[in-house]
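Architecture and fold: a report
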Amino acid sequence: MNYLQLAQRLHQEIAGGPNDPGTDPDAVTGLSGELLRYASWIQSAWIDIQQERTDWRWMWRTGTQTVTAGFRGFTPTMTSQSAVNLASGVLSSGVVTVTTDAAHPFYPGDVVTIAGANANFTGTQTITSTPSTTTFTFDSSYGGGDLPAMTDATATLQDFDMPWPYRANSGRPYIQCYLAATGATDTQPIYYYPWHEYGGFYDAGNMTSTGRPAGFSFSPDRIIQFTTITDAPYTIVVPYRKKPQNLVLPTAIPEMPAQFHMLIVWRALLYYGTSNEANRAAAQAQLFYNRLMNKLKIEQVGSPV
């Protein structure tokens, strides 16, 4: 089911209850009253399910990022998402409003990588608002006159959340790297150090050696830091957990296996049950939710690495 279909199914489960608007929602934007609450409950329920565990299989990804010589670490900006083509942009009072060629999946707070635009806008930007499904905004200190054209520019959602390393036969977690000039045939492991071990030595001003990355840690400020300073450009291969998916477009489909989509409806019904006197519906939703959630955990939870 997609976002709109989930909201419609939620209404069908509630039909006849207090404040029932009587008709299924036919959109997920421009709503008010109970229909707006249905759409919001579906959004919240899906976020809650994704955040219930850190090791959902459907949220595993693998990405690469190249660092140059002289680096001791990097902030991951990798993504598994498709680029969105940009049509134009308008700058007003330090805010850039971008119009996309087609509907985008972005949400306020999302971090995107913009490529192909003027240098003042290329790079990492944090979305501050999404006035419509074809526009989004971000702050800019650009001080020029007219906004440079965004022809052939793209925006890509950064979905890295946290490393999910491979595990060696010994049980030790690792990511990988290879010399950028050589390619993947040069791939070797970079072994993980817990931050409390890394920070006590490598992050205390003791790192002076250069070479190939052989160890890494993940800092509290979300930086992958090496135990050596890179001596050449390396491509880093990082298995990771993606950020939770926001349901924005009516056609957006939750990324977990389709046979578990009703979990979102049951979870949303729990919100409904706390919003009025519909205790019976809430109790039934809890029963169905627990039953399907347990099955999802059996099928989709992998061993932490």
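Please refer to the structure higher up on the page.
So, a few notes on the structure that sits alongside this text. The shown structure was predicted, so the numbers you read here are calculated from the model rather than taken from an experiment.

**Examining the pairing of strand β15 (residues 215-218)**
What you see with β15 is no split at all: G215 and S217 on one side and F216 and F218 on the other are buried throughout. With 2 bridges connecting them, strand β13 (residues 188-192) and β15 associate as parallel partners. Residue Y192 lies in a different strand from β15, and its bridge partner there is F216. As defined by bridge partners, β15 adjoins strand β16 (residues 224-226) across 3 bridges and the pair is classed as antiparallel. By the bridge assignment for β16, F218 is matched with I224. In textbook terms, the turn of a hairpin is the stretch between consecutive antiparallel strands, and for β15 and β16 this stretch comprises 5 residues, one of which, R222, has a positive phi near 70 degrees.

**Quick look at unusual backbone geometry**
Not every positive phi belongs to a glycine, and S93 is a case in point at roughly 50 degrees. The phi dihedral of R222 is positive, around 70 degrees, even though this residue is not glycine. Here R222 is to be found in the loop between β15 and β16. Residue classification places R222 among the partly exposed residues on the basis of a relative accessible area of 35%.

**Observations concerning the environment of Q81**
Within the secondary structure, Q81 is located in the loop between β2 (73-74) and β3 (84-92). Relative accessible area serves as the criterion here: at 27%, Q81 is assigned to the partly exposed category. Separated by 24 residues in sequence, Q81 and P105 place their C-alpha atoms 10.0 Å apart. Once residues lying within four places of it in the same chain are set aside, the contact partners of Q81 are T156, L157, D159, K242 and E255. In terms of polar contacts, Q81 uses its side chain to reach the side chain of S80, at 3.3 Å.

Parameters at a glance
Residues numbered from 1 in each chain as written. Predicted model: local features only at pLDDT ≥ 70, side-chain atom pairs only at ≥ 80, totals over all residues. Heavy atoms only, no water. Buried < 20%, exposed > 50% of the residue type's maximum accessible area, 1.4 Å probe, protein only. Helix = DSSP H or I, 4+ residues; strand = E, 2+ residues; numbered from the N terminus. Pairing = 2+ DSSP bridges. Contact = heavy atoms within 4.5 Å. Polar contact = N/O pair within 3.5 Å; in protein donor to acceptor, adjacent residues only side chain to side chain.

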